[in-house]
Amino acid sequence: MKTNQIVLFLFLNFWAVNIYSQKQAKKCSKEELIVPESFSPDADGENDVLYASAFKISEFNFIIFNKWGEKMFETNYQSDGWDGRYKNKDAKEGVYYWYLIVKCNNGEELKKQGSTTLVRK
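Quick caveat: nothing in here was measured; it's all calculated off a predicted structure. (Residues numbered from 1 in each chain as written. Predicted model: local features only at pLDDT ≥ 70, side-chain atom pairs only at ≥ 80, totals over all residues. Heavy atoms only, no water.)

**A word on the nonpolar core**
Where a protein is soluble and globular, its nonpolar side chains tend to be buried together. Judged by nonpolar contacts, the single largest core of 22 residues is most densely connected at Phe60, Phe62, Ile64, Trp82, Leu100 and Val102. Elements represented by at least two residues in this core include exactly strand 4 (57–65), strand 5 (71–75), strand 8 (94–104) and strand 9 (109–118). Here the element with the most residues in this core is strand 8; it accounts for five residues. The contact partners of phenylalanine 60, leaving out residues within four places of it in the chain, are Ala52, Ala54, Thr75, Asn76, Tyr77, Gln78, Leu100, Ile101 and Val102. (Core = buried A, V, L, I, M, F, W, Y, C linked by side-chain atoms within 4.5 Å. Buried < 20%, exposed > 50% of the residue type's maximum accessible area, 1.4 Å probe, protein only. Helix = DSSP H or I, 4+ residues; strand = E, 2+ residues; numbered from the N terminus. Contact = heavy atoms within 4.5 Å.)

In structure tokens, the structure reads:
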């Protein structure tokens, strides 16, 4: 591969498509920490689980809270997502708050927070 040649990678994760070059692969940024704005855990096979996505990382921590600050879900694995349940019961429809902490491959720690809406049909 030539040093000035650009290689594109395509990663599709439900709502987000990221395209980046080999040069960009060394960076880690908050823009690459992705959590959907809504999901619908209604067992229809579409958007049933809320996943957080991050790129070029070595550590991952994703936490979801309800509006009272009660922890509803936590994982250290990108492959684990929240199915909209808490204590073996369906969580109520509404807004939930998330906090995502990652350690980039270059050692930098990034934190991002936001909200997502749980929709039930």
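Still more ground to cover, so stick around.
**Considering the confidence of the model for the chain**
For the chain, per-residue confidence averages 83 on the pLDDT scale, and residues scoring 70 or more make up 79% of the total. When mean pLDDT is compared element by element in the chain, strand 5 scores highest at 98, while strand 1 (residues 9–13) scores lowest at 43. Overall, residues 1–24 carries pLDDT values under 50, and its contacts beyond four positions in sequence, including any with other chains, amount to 33 contacts. (pLDDT = per-residue confidence, 0-100.)

**Topic: the sheet that holds strand 4**
Hydrogen bonds between backbone groups are what pair the strands of a sheet, and the pairing can be parallel or antiparallel. A sheet is described by the order of its strands in space; here five strands give the open sequence 3-9-8-4-5, paired in mixed fashion. If you trace the sheet from one side to the other, it starts and ends with strand 3 (38–39) and strand 5, each paired once. Relative to strand 5, strand 4 runs antiparallel, the two sharing four bridges. Opposite isoleucine 64, over in strand 5, you have phenylalanine 73 as the bridge partner. (Pairing = 2+ DSSP bridges.)

**Notes on the layout of surface pockets**
Considering only enclosed or pocket space, the largest pocket measures out at about 280 Å³ in volume. As for the largest pocket, its lining consists of 14 residues, of which Asn66, Trp68, Met72, Lys92 and Tyr96 are closest to the centre. Residue assignment for the lining of the largest pocket shows that the elements contributing at least two residues are strand 7 (89–90) and strand 8. It is strand 8 that provides the largest number of residues to the lining of the largest pocket, a total of three residues. Across the lining of the largest pocket, the residue classes break down as six nonpolar, two polar and six charged. (1 Å grid on protein atoms, 1.4 Å probe; cavity = no way out; pocket = protein on both sides within 12 Å on 5 of 7 lines; lining within 4 Å. Points joined across faces, edges and corners; volume = space filled by probe spheres on them. Nonpolar A, V, L, I, M, F, W, Y, C, P; charged D, E, K, R; others polar.)

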